[in-house]
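An overview of the molecular structure
Spelled out, the chains give:
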Amino acid sequence: MRRNLFILALLASAFVGCKTDPAPPSEADAKQVWLNVRKQLRLDKDVELVDLKKTDGQLSEVNGVKIYTFYYELRKRHLTPMGHWKPGDIETVKSNYGFQRTEQGWRGPDGTVFPN
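Note that the coordinates shown come from a computational prediction; the quantities given were computed from them, not determined experimentally.

**Focus: the overall build of the protein**
- Looking only at helices and strands, the protein features 2 helices and 5 strands.
- The helix and strand sequence of the protein, counted from the amino end, reads α-α-β-β-β-β-β.
- Residues counted as buried form 26% of the 116 residues belonging to the protein.
- A separation threshold of at least 6 residues defines the contact pool for the protein, and within that pool the share at least 24 residues apart is 47%.
- By element, 55% of the accessible surface of the protein is carried by carbon and sulfur atoms, the whole surface being about 8200 Å².

Structure below.
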């Protein structure tokens, strides 16, 4: 009995010391990227985010760098005339963001690092 408890404790301590990958980027992270990109492109006064939903995600590795592709669908409201869109029109967009794994967390396409 004591031997079994010792083995169980040893196994448990081995798992506690294992480093696991952090959770993938969240919808909140993707929303922040969207807002940051719009601001960088000076479009923050032209469109506003109505909602953003994750539709899928995929973890891969390219040249030794872990990449998480965050697939999403969003709805945005046009605030100014843009092409055939009038103010108040809502547009649905399906796209994706690539996040790179760094020592500090996931780096979004806008350069923001979302901590572990």
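After presenting the structure, the write-up continues.
**Looking at the pairing of strand E2 (residues 65-78)**
- Sheet topology places strand E1 (residues 47-62) next to E2; 14 bridges connect them, and they run antiparallel. By the bridge assignment, Leu49 is partnered in E2 with Lys76.
- Taking the residues between adjacent antiparallel strands as the criterion, E1 and E2 are bridged by 2 residues, where Asn63 takes a positive phi near 50 degrees.
- Bridge analysis of E2 against strand E3 (residues 90-101) gives 11 bridges, and the strand direction is antiparallel. Paired with Tyr72 across the strands is Ser95, a residue of E3.

**Looking at the environment of Glu73**
- Along the chain, the position of Glu73 falls in strand E2.
- Assessed through its relative accessible area of 29%, Glu73 is described here as partly exposed.

**Considering the pairing of E3**
- Pairing of E3 with strand E4 (residues 105-107) involves 2 bridges; the strand directions are antiparallel. Looking at the pairing, Gln100 lines up with Arg107 of E4.

**So, the side chain of Arg38**
- Tracing the backbone through its elements, the reader meets Arg38 in helix H2 (residues 27-40).
- The charged side chain of Arg38 is buried without a salt bridge, its nearest counter-charge being Glu91 at 8.5 Å.

Conventions adopted
Residues numbered from 1 in each chain as written. Predicted model: local features only at pLDDT ≥ 70, side-chain atom pairs only at ≥ 80, totals over all residues. Heavy atoms only, no water. Helix = DSSP H or I, 4+ residues; strand = E, 2+ residues; numbered from the N terminus. Buried < 20%, exposed > 50% of the residue type's maximum accessible area, 1.4 Å probe, protein only. Contact = heavy atoms within 4.5 Å. Areas by Shrake-Rupley, 256 points an atom, 1.4 Å probe, with all protein chains shown as cover. Pairing = 2+ DSSP bridges. Lys, Arg positive; Asp, Glu negative; His and termini not counted. Salt bridge = Lys/Arg side-chain N within 4 Å of Asp/Glu carboxyl O.

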